[in-house]
Amino acid sequence: RGQNMTDARARERFAFDQAGGAGGKAPPGYRFTVNGNMEAIPGGPADLKASAAGTARTKDANEALAVISEAEKLIPQSTGSGIGAIADSTAGFFGFAPSGAQAGGRLKALEGMLVSKMPKMSGPQSDKDVLLYKQMAGQIGDTSIPVPVRMAALETIKRLQEQYGGASKMPATGGS
């Protein structure tokens, strides 16, 4: 009789522990399975957090793709050398705006928008983080960088954003 009671108490304790201890409740957003394991409830609080973050990332990626599409048209029209950038600056000093400088100005605005759509690290952002995001945006507004270099960087960014957005229709080695 004593052994049976000890065995019964051990089984009760095991069942109690498997049911989540005191109160037998799983944490919010989770439930116990038949075999005693815990799983996230589909559509529950744990699932909602993951899907909200995933939805935001997909939205940002799709918006970034629209910015990239616009930048692809403007980069070939912009100035693409250090000397050209100096000439544009000199012309601007005298009140002139060459077409390459105008395209460069538009690209600066698009670069800012693209930087804001880059996936961010969690926590407070430092100046070094901001520089990293600018680097991730390919510095498309820097008219002192040659056009082919900026186009190559933009192509890489486009492929990455397509993966975040779920499109990924472009070949890995691809071009448009």
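Presented here is a report on the structure given in the accompanying data block. Being a predicted model, the structure only gives us computed values, none of them experimental.

Counting secondary structure elements, the protein chain contains six helices and two strands. Taken from N to C terminus, the helices and strands of the protein chain fall in the order α-β-β-α-α-α-α-α. Within the protein chain, the proportion of its 176 residues that are buried is 27%. For the protein chain, the exposed surface amounts to about 11400 Å²; the carbon and sulfur share of it is 60%.

The geometry of an aromatic ring pair comes down to the distance between the two centres and the angle between the two planes. Under the defined criterion, the tally for this structure stands at one aromatic pair. With a centroid separation of 5.2 Å and an interplanar angle of 85°, the aromatic rings of Phe93 and Phe94 are classed as edge-to-face. Each member of the pair, Phe93 as well as Phe94, is classed as exposed.

Counted at 1.5 Å a residue, the expected span for helix α6 (residues 147-165) with its 19 residues is 27 Å, and the 26 Å between its end C-alpha atoms agrees. Of all the positions in α6, only Arg150, Leu154, Glu155, Ile157, Lys158, Gln161, Glu162 and Gly165 are classed as buried.

To continue, consider the nonpolar core. Among the nonpolar cores identified, the biggest contains 18 residues, and Ile68, Ala71, Leu107, Leu110, Leu114, Ile140 and Leu154 are the most heavily contacted of them. Contributions of two or more residues to this core are made by α2 (45-74), α4 (99-117) and α6. When neighbours within four sequence positions are excluded, Leu107 is seen to be in contact with Ala71, Leu74, Ile75, Ser78, Ile140, Gly141 and Arg150.

Right, let's get into the pattern of salt bridges. The final tally for this structure, using the stated rule, is two salt bridges. When the shortest N-O distance is used, the salt bridge between Lys59 and Glu63 registers 3.4 Å. Residue Lys59 and its partner Glu63 are both found in helix α2; the two are separated by four residues, about one turn of the helix. A relative accessible area of 28% places Glu63 in the partly exposed class. The residue Glu72 makes a salt bridge to Lys158 at a minimum N-O spacing of 3.4 Å. Pair noted here: Glu72 is in helix α2 and Lys158 is in helix α6, with a separation of 86 residues, a long-range link.

What follows deals with the side chain of Thr143. Looking at the secondary structure, you find Thr143 in the loop between α5 (127-136) and α6. In this structure, Thr143 is in contact with Thr79, Gly80, Ser81, Ala85, Gly104 and Arg150, ignoring residues within four places of it in sequence.

On the surface, a cluster of nonpolar side chains totalling about 440 Å² of accessible area is made up of Phe93, Phe94 and Phe96. Here Phe93 is to be found in helix α3 (residues 82-93). Exposure remark for Phe93: the relative accessible area of 69% places this residue in the exposed category.

Each value, and the rule that gives it
Each chain carries its own residue numbering, running from 1 in the direction its sequence is written. Local features in a predicted model are, by the rule used here, given only for residues with pLDDT of at least 70; side-chain atom pairs are given and counted only at 80 or more, and totals for whole chains, interfaces and linings are based on all residues. Working from all heavy atoms in the structure, the side-chain values ignore hydrogens and water. In this text, helices come from DSSP runs of H or I with a minimum length of four residues, and strands from runs of E with a minimum of two, each type numbered from the N-terminal end. Note on exposure labels: buried denotes an accessible area under 20% of the residue type's maximum, exposed denotes more than 50%, and partly exposed covers the range between, all computed with a 1.4 Å probe on protein chains only. Using a 1.4 Å probe, the Shrake-Rupley method yields the accessible areas, and only the shown protein chains count as cover for residues. Ring pairs are drawn from Phe, Tyr and Trp, using the six-membered ring of Trp, whenever the two centres fall within 6.5 Å, and their geometry is named by plane angle: stacked under 30 degrees, edge-to-face over 60, tilted for the rest. To estimate the expected span of a helix, subtract one from its residue number and multiply by 1.5 Å. We define a nonpolar core as any set of buried Ala, Val, Leu, Ile, Met, Phe, Trp, Tyr and Cys residues linked to one another through side-chain atoms lying within 4.5 Å. Only heavy atoms enter the contact rule, under which two residues are in contact if any of them lie within 4.5 Å. We count a salt bridge whenever a side-chain nitrogen from Lys or Arg sits within 4 Å of a carboxyl oxygen from Asp or Glu. Each patch groups residues whose relative accessible area exceeds 30% and which form no salt bridge, using 9 Å between like charges and 5 Å between nonpolar side chains of Val, Leu, Ile, Met, Phe, Trp and Tyr.

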